[in-house]
Protein chains: 2
Amino acid sequence: MTAPRQPAPARSGGRAARRALRSAPDFTMLPGLRSALPFCEIMEGAQIELIDSASMEILENVGVQFRDNIALADWTRAGAKVVGDRVYPDRGLVRELIATIPSGFTYHARDPKKNLALGGRNAVFVPMTGAPFLRDLDDRRRVPTLDDLAMFHKLSHMLPALHSSAHHIVEPCDHPVSHRHLRITYSSMKHSDKMFMGMTTSPRNAEDVMEMCAILFGEDYLESHAVTTGNINGNSPLVWDETMLGAMRAFCRRNQPVLCSPFVLGGANTPANVPAAVAQLNAEALSALAYTQVIRKGAPAIYGHYLSTVSMKSGAPMAGTPEISLMNFMIGQMARHYGVPWCTSNTLGGAKTFDAQAGYESATTLSAVLHAGANYIWHSAGWNEAGMHCSVAKFIVDAEQCAMGHRMASGPQWGDFAEALKAVPDVGPGGHYLGHPHTQAHFQSAFFMPEMFDNNSIEQWQAEGSVEITARALARARALLAQYEEPALDAATDEALRDYIARREREIPAVDELNQDH
Amino acid sequence: MTAPRQPAPARSGGRAARRALRSAPDFTMLPGLRSALPFCEIMEGAQIELIDSASMEILENVGVQFRDNIALADWTRAGAKVVGDRVYPDRGLVRELIATIPSGFTYHARDPKKNLALGGRNAVFVPMTGAPFLRDLDDRRRVPTLDDLAMFHKLSHMLPALHSSAHHIVEPCDHPVSHRHLRITYSSMKHSDKMFMGMTTSPRNAEDVMEMCAILFGEDYLESHAVTTGNINGNSPLVWDETMLGAMRAFCRRNQPVLCSPFVLGGANTPANVPAAVAQLNAEALSALAYTQVIRKGAPAIYGHYLSTVSMKSGAPMAGTPEISLMNFMIGQMARHYGVPWCTSNTLGGAKTFDAQAGYESATTLSAVLHAGANYIWHSAGWNEAGMHCSVAKFIVDAEQCAMGHRMASGPQWGDFAEALKAVPDVGPGGHYLGHPHTQAHFQSAFFMPEMFDNNSIEQWQAEGSVEITARALARARALLAQYEEPALDAATDEALRDYIARREREIPAVDELNQDH
C-alpha cells in the first residue's frame, strides 16, 4: 500500500542526497494567509446598520467609563461629552476618529523575510498567551518557568504556520512579577526572528517594551514600522481602566499597533442575546479604537475581543459553541464595515486534558474564524482549560491545524487543472492513479498529509505501540527542540538589550506574586 | 449526571413543577435544518463552467462503465452511445435527463411530525452506517450484534439532532449475512419512528426493503411519498456495477430516492488535483443521476459521494483535511448548479480511539459541510477509525455537535434584539447581567450549553472524579437507553412485517460470512 515518497530529481548527489532531502524537516514560515474564502456574511446590510446604530446609541446615551484622568482630559479636548468618568462620544466624532485607522499595514520582523501584511484578506496566526500553568513535555500540569517560556518561543519559531512568537505564552513564575515583562520580551526577541507581542501589564511596563523595541529596531524605525502588538483589554460592560489606557498610550505614541479588546463573557457581562451582545461589544471596541486616534491620528489599531459565552449552569466560560461562531461572523462584518483590521481568539476551549473536547472546540473555532475573515488570529496554539494552561502537545497539533486552515482558506489550486485532467483518459474506468506520472509529480503538494493524525489501520497502530495523539505530539515537540537553532542576533544589540534589562531590574523593586498577595 | 425524565408540566404546582420542567430531558426531534448561512461559494461562475465542461468531456470521450446488461440496454434505448460496457452520454442527453430530478422533496416518517424537507436550504442529519465493529457501552471494540444495532437505532430515535435511524449503523454479525438486510430494516422501522435508510446490498435485498416499506406505509403511499433512501456506491474512477445498478432500479421504480455516490479516495482513484478530482467525481455522479431518470423520469435522486483523500505515505484514507473541505465547497456548488439535492459525508476520520484527533476531524468536517450547504448530511454520528468502528461515546457527542451545528447554521436570533438592548442602560458600565430580568427570561435559549463538554474549573472536575469525555458520553448513553420508550407500531403491521421476514428467511438460504469466504 505504501507509495514511496519521491523527491524532485536532484541535479547530482544520488540516493543519499535524495534521502537527506526527503527527511530534512522544513521550518520555513508559511507566508501570511491571503484568504480566498468568500467570508461568511451572515448579516444583510440592514442588519449591519442595526448593530451600528445600536452601538452608537449605547455610546451616545449610556456612555463608556474611562477610569483614567488623562483619557478623560483627552476626550474632552477631542470634543466628546464627558460627565464624571463617563465619556459619551457622538457617532459623528466616533466615525471621524476611526476613519484615520489604517485598514491594513505591514508587520516588520527581525528577519525581513518574515514581514507580514495584516488587514483586508491578509491574516496571521499567533499562539496563545497568558497561561498561568502549562502541560509540559511529559504532559505534567505545573507552574511555568522562564525556560518553559523559552521552549514555547522556540517552538513558535520553528512551526511553519505560526507567524509570531507572541509574548507570555505562559507566565514565567520563577522570576519576580515586577521584572517579568523584561524577561518575557527578551525571550520573544531572542528565541525567534518572527514578530512578537508586547506586554501591557502597566503603562511603565509598556514603556519598557517600547524601549526594548527601539534598541532592537532603532528609535526612528518604530515611527514608521509596526514591530509588535499590545493588547488592551476592556472590562465589559463598557469600562476601560487606567492600567490598560496608559499602556495603550505608550504603544500608540510610538505608532505601534494595539488590539482594542472588550472581554466578553456572553450572558454575564452582555445581554443574553447574540446581536445585542455584538452591539455592546462593538460599542466598546469602537470607543477604544476611537481613543487610539485621539492619542495619535493614523496610529495602527486593531478591532479585538476575548469572546466566550457563559454557562448559565455553572458560570464557566464556554467556547466552540454556535453563538461564538455566529458572533465571529457578525463581528467580522462590523470590522470590515468600519474598514479596521480585526483580531479574534482562535482555539479557546475548556477541556482539562488534550481530549476529544479540546479537538472539537479548537477545530470549530478555527473554521469559524477563517470563514469569518479574521486578520489577527490570536490564541491559535496551545490553549486549553479556559486558558489556565498551555499544552505543549496541543501547541504542536494546533499549529498543524493552522497550517491546514491556511491551506483550506487559500482555496483550490487550479494551476495544473488541465494537466491533471489529462490523466483521466490515461487511467480510464476502473484504473488507478497512483502510478500515473501526474500523480507522481504532484502528490506531495496536492493533498495535505497531517503528521499528527494517525490514519493507519488499527493493526498497524497497535503494532507501533498504540501511540496516542498526546504522545505523538510530545515526541514531535522533543524532536523539534533537538533541532532548534537560535536565530542570529547582532551582539551589540543583544548586549544593549541585556544592559537595559539589568538597569531596569536594579531600578524596579523585585516584587513577587506571593508578596503581592499580602 | 443522570437527568431523570419528568412528565409534561402540570398546569399548576409551583416551585416543584418549575424544577421538574427545568430538569426534564427533551427528546423532541429538532426540525430539519433550514440553513441561514451564505454558502461558501469558493468558485466563481467561470470555474463552475470549467468543472461542468471537464465533466461533460469525460462523459462524452472517456465514458463510464456500466457493468450491467440491463443498464446498457436502457442507455441504448435512451439514445446514448454505448460501446461494449461503456456508455458515452453526450452533454445534451445528460442535461435533459437530470432536469427531471426534483430539486427538493419531503421525506415521510412513521410519525408525520417527523417528516422532513430536503433540498435547497433544507438539510437533515443522518448517523453513520456500515461499521464492521463497534466501541460499546464499555468502550470495548468488538464485533456487533443485532442488539447493538437496536441500541444505535434507539439512540438515533432519542437524540434530537438526528433526523433518521439510518439502517446498518453497525453490521449485526450474529445473523446470517443473507438474512441481515431483513432484520436491519425491521430494527430501523421498529425502534424509531424517524425516517430510515434502505439496504442496497443486492437488487433482491433492495426489493425486500421496498416490500417491507410497502407493508409499513402501503403500496400506493410509496408511489407518491419518499419514505427511505438507498445508497448506490460507484467504483471510482468511472464504474457502476451490476449489484448497485440493480438495487438502484428497485428503488427508482418505486419512486424512492437514491444517493448516487462515487467512492472517492482522492489521489488513488482520482487525479492528484482538487478541481480535477471534483470534475471526475462530478462526471460519475452525473452519469448515475442521469440513469435514475432513464429508469423513471421524475424519481427523486440525490447527488452523493464518499469523500476522502489518500495519504501518499501509507495509502490510508484521510479526513478533516483542507482538500476535503474545499471539495465539499466545490461539490456543493456543482449540485446547486444542477438543481439536485446533495448528500455528503460528515464526521469521517481515522482516529483509533475517541481522542483529540477524532474531535478535530469531526468538527472540521461538520463546519465544512454546513458552510458547503449539504442537504443529506450522512455519517453525522459515531464514525471513527476510517469507518471501521462506530463508537457509542462518539455517537452521543457527535449528535450534540449536530445540534450545535443546527443552531449555528440557523443564524442569529433577532427576535428579542430590541428588548435585549434595553438591558444595556439598565446594567450600565461595570455592571453585570446575570440578575437582569431579560437574562433570567432568556438564558436557557440564548447560548447553547453543551452537556458533553466540561467547562468547570479543574478543581471542580477533579472533585467530581476527573471524568473524561468518553466516560461522560457513555454515562449519557446508558441514561438515555434507560429512558427509551419504543414508539407505537400498529400490531397488524408489525405482524405483517414479521411474517414477511419469516417467509423470506425460509426462502433465502442462510449464508454466513464465514461460508462466503470459502
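Looking now at the environment of A:Pro102. Residue and element names in this part refer to chain A. In this fold, Pro 102 is placed in the loop between helix H4 (91–98) and strand E5 (105–107). As for Pro 102 and Gly 315, which are separated by 213 residues in sequence, their C-alpha atoms are 38 Å apart. In this structure Pro 102 touches Gly 298, Ala 299, Pro 300, Gly 339 and Pro 341, once residues within four positions along its chain are discounted.

Aromatic ring pairs are reported here in terms of the distance separating the ring centres and the angle at which the planes meet. On inspection of all chains with the given rule, the structure shows 24 aromatic pairs over all chains. Arranged with centres 5.6 Å apart and planes meeting at 70°, the rings of A:Phe66 and A:Trp75 form a pair that is edge-to-face. Given a relative accessible area of 0%, A:Trp75 falls into the buried group. Above the plane of the ring of A:Phe39 lies A:Arg121, whose end atom (NZ or CZ) is 4.2 Å from the centre. The cationic tip of B:Arg141 hangs over the ring face of B:Phe133; the distance from NZ or CZ to the ring centre is 4.1 Å.

Residues and elements named next belong to chain A. Of note, the bond from Ser 236 into Pro 237 is cis; its omega dihedral lies within 30 degrees of zero at 0°. When you line up the elements, Pro 237 lands in the loop between strand E10 (230–233) and strand E11 (239–241). Its identity as a non-glycine residue notwithstanding, Glu 385 has a phi of 55°, on the positive side. The buried category is assigned to Glu 385, whose relative accessible area is 5%. In this structure, Ala 386 takes a positive phi of about 55° despite not being glycine. Under the relative-accessibility criterion, Ala 386 is labelled partly exposed at 33%.

All names here are of chain B. Two elements in contact, helix H11 (residues 322–338) and helix H12 (residues 356–372), have axes whose closest approach is 8 Å; the angle formed by their N-to-C orientations is 25°. In this view, H11 runs roughly parallel relative to H12, as classed from their interaxial angle. In this structure, H11 meets H12 at a crossing whose hand is right-handed. Residues Ser 325, Asn 328, Phe 329, Gly 332 and Arg 336 of H11 pack against Thr 364, Ala 368, Val 369, His 371 and Ala 372 of H12.

The subject of this paragraph is the sheet that holds strand E7 (residues 122–125) of chain A. Residues and elements named next belong to chain A. Reading across the sheet, the 4 strands line up as E1-E7-E18-E17 and stay open at both edges, with mixed pairing between neighbours. A single partner strand is all that each edge strand has here, and the edge strands are strand E1 (33–34) and strand E17 (343–345). Pairing analysis gives 2 bridges linking E7 to strand E18 (residues 376–378), with the strands arranged parallel. Note on E18: the bridge partner recorded for Val 124 is Tyr 376. Across the sheet, helix H12 (residues 356–372) touches E1, E7, E17 and E18, and the angle it forms with E17 is around 165°.

Residues and elements named next belong to chain A. Applying the stated criterion to the full structure yields 57 salt bridges over all chains. In this structure, the salt-bridge partner of Glu 505 is Arg 183, at a minimum N-O distance of 2.8 Å. Of this pair, Glu 505 sits in helix H19 (residues 491–507) while Arg 183 sits in helix H6 (residues 180–191), and the two are 322 residues apart along the sequence. For Glu 219, the salt bridge is made with Arg 254, and the minimal N-O distance between the two is 2.8 Å. Residue Glu 219 is found in helix H8 (residues 219–224), and its partner Arg 254 is found in the loop between helix H9 (242–253) and strand E12 (258–261); the two are separated by 35 residues along the sequence. On the basis of relative accessible area, Arg 254 is assigned to the buried category, the value being 14%. Shared partners join several salt bridges into a network, and the residues in it are Arg 204, Asp 208, Arg 503, Arg 504 and Glu 507.

Here we come to the environment of A:Ala54. Within the element layout of this structure, A:Ala54 appears in helix H2 (residues 45–62). For A:Ala54, a relative accessible area of 6% translates into the label buried. If near-sequence neighbours (up to four positions away) are discounted, A:Ala54 is found in contact with A:Ala279, B:Phe417 and B:Leu421.

Residue and element names in this part refer to chain A. With respect to the element layout, His 163 can be found in the loop between helix H5 (146–158) and H6. Within the local environment of His 163, its side chain forms a polar contact with the backbone oxygen of Leu 30, the two atoms lying 3.1 Å apart. The residues contacting His 163, other than those within four sequence positions of it, are Met 29, Leu 30, Pro 31, Gly 32, Leu 33, Leu 116, Ala 123, Val 124, Phe 125, Lys 194, Met 195 and His 406.

Attention now goes to the state of the cysteines. Following the criterion strictly, the structure yields 0 disulfides over all chains and no others. Unpaired in this structure, A:Cys173 has its nearest cysteine sulfur neighbour in A:Cys390, at a distance of 13 Å.

This part covers the confidence of the model for chain A. In the predicted model, chain A carries a mean pLDDT of 94, and 94% of its residues have values of at least 70. When the criterion is pLDDT under 50, residues 1–14 of chain A qualifies, and its contacts beyond four places in sequence or with other chains add up to 17 contacts.

Quick look at the relation of the copies chain B and chain A now. Structural alignment of chain B on chain A gives an RMSD of 0.0 Å, achieved by rotating through 180° and translating 0.0 Å along the axis. Such a combination of turn and shift is consistent with a two-fold rotation axis. Taken as a fraction of all interface residues of chain B, those also at the interface in chain A reach 99%, which identifies the copy contact as same-surface.

With that settled, the discussion passes to the sheet that holds strand E15 (residues 306–310) of chain A. All names here are of chain A. The strand order E13-E15-E16 describes an open sheet built from 3 strands, whose pairing is mixed. Edge positions in the sheet fall to strand E13 (263–266) and strand E16 (317–318), since each has one partner strand and no second. Of the strands in this sheet, E15 and E16 touch helix H11 (residues 322–338), which is tilted by about 145° from E15.

What follows is about the interface of chain B and chain A. At the interface, 117 residues of chain B touch 119 residues of chain A. When the two sides are added together, the surface that chain B and chain A hide from each other amounts to roughly 9400 Å², 71% of it contributed by carbon and sulfur. Considering only the surface of chain B that becomes buried against chain A, B:Met312, B:Tyr360 and B:Phe447 emerge as the three largest contributors, covering 10% of it. The interface formed by chain B and chain A holds 6 salt bridges in total. Between A:Glu323 and B:Arg407 there is a salt bridge, with the nearest N and O atoms lying 2.8 Å from each other. At the junction of chain B with chain A, the criterion picks out 26 residue pairs in polar contact (both at pLDDT 80 or more). Per-element accounting of the side of chain B that touches chain A gives the leading share, 10 residues, to H12(B). Across the side of chain B that touches chain A, the residue classes break down as 61 nonpolar, 37 polar and 19 charged.

All names here are of chain A. Here H12 spans 24 Å end to end across 17 residues, near enough to the 24 Å set by a 1.5 Å rise per residue. With 17 of 17 residues buried, H12 lies mostly within the body of the structure. One side-chain oxygen at the N-terminal end of H12 lies 3.2 Å from the backbone nitrogen of Gln 357; it belongs to Asp 355. Once H12 finishes, Gly 373 follows within two positions and takes phi at roughly 85°, a positive value.

Thresholds, definitions, all that
Each chain has its residues counted from 1, following the order in which its sequence is written. Chain labels run from A onward and ligand labels from 1 onward, assigned in the order the entries are written. The model is predicted, so local features are restricted to residues of pLDDT at least 70 and side-chain atom pairs to those at 80 or more, both for listing and for counting; the totals for chains, interfaces and linings are taken over all residues. The basis for the side-chain values is all heavy atoms of the structure; hydrogens and waters are excluded. The way it works is that DSSP assigns letters per residue, a run of H or I at least four long becomes a helix, a run of E at least two long becomes a strand, and they are numbered from the N terminus. Throughout, a contact is declared for two residues whenever any of their heavy atoms are within 4.5 Å. Any two rings among Phe, Tyr and Trp, with Trp reduced to its six-membered ring, count as a pair given centres within 6.5 Å; such a pair is stacked if its planes are under 30 degrees apart, edge-to-face if over 60, and tilted if neither. Partly exposed describes any residue whose relative accessible area lies between the buried limit of under 20% and the exposed limit of over 50%, with all areas from a 1.4 Å probe on protein chains only and scaled to the type maximum. Only when the NZ of Lys or the CZ of Arg is both within 6 Å of the ring centre and within 35 degrees of the ring normal is a charge said to sit over the ring. Lines fitted to C-alpha atoms define the axes, with helix axes restricted to the stretch in contact, and inter-axis angles between N-to-C directions lie between 0 and 180 degrees. To sort the angles, those under 35 degrees are grouped as roughly parallel, those over 145 as roughly antiparallel, those from 65 to 115 as roughly perpendicular, and the leftovers as oblique. Whether a crossing is left-handed or right-handed is set by the direction in which the near helix is turned from the far one by less than a right angle, anticlockwise for left-handed and clockwise for right-handed. Whether two strands pair comes down to DSSP finding at least two bridges between them. Just to be clear on terms, a salt bridge is a Lys or Arg side-chain nitrogen sitting within 4 Å of an Asp or Glu carboxyl oxygen. In protein, a polar contact requires one atom able to donate a hydrogen and another able to accept it; more generally it is a pair of N or O atoms within 3.5 Å, and residues adjacent in sequence count only if both atoms are side-chain atoms. By convention in this document, the label disulfide applies to cysteine sulfur atom pairs within 2.5 Å. Confidence per residue, as judged by the predictor, is encoded in pLDDT with a range of 0 to 100. Superposing copies: least-squares fit, C-alpha atoms only, residues required to have pLDDT of at least 70 in both. The term buried area means the drop in 1.4 Å probe accessible area that two parts suffer when joined, counted for both and summed. Any residue that is not Ala, Val, Leu, Ile, Met, Phe, Trp, Tyr, Cys, Pro, Asp, Glu, Lys or Arg is counted as polar, Gly included; the first ten are nonpolar and the last four charged. Helices are assigned an expected span. That span is 1.5 Å times one less than the residue count.

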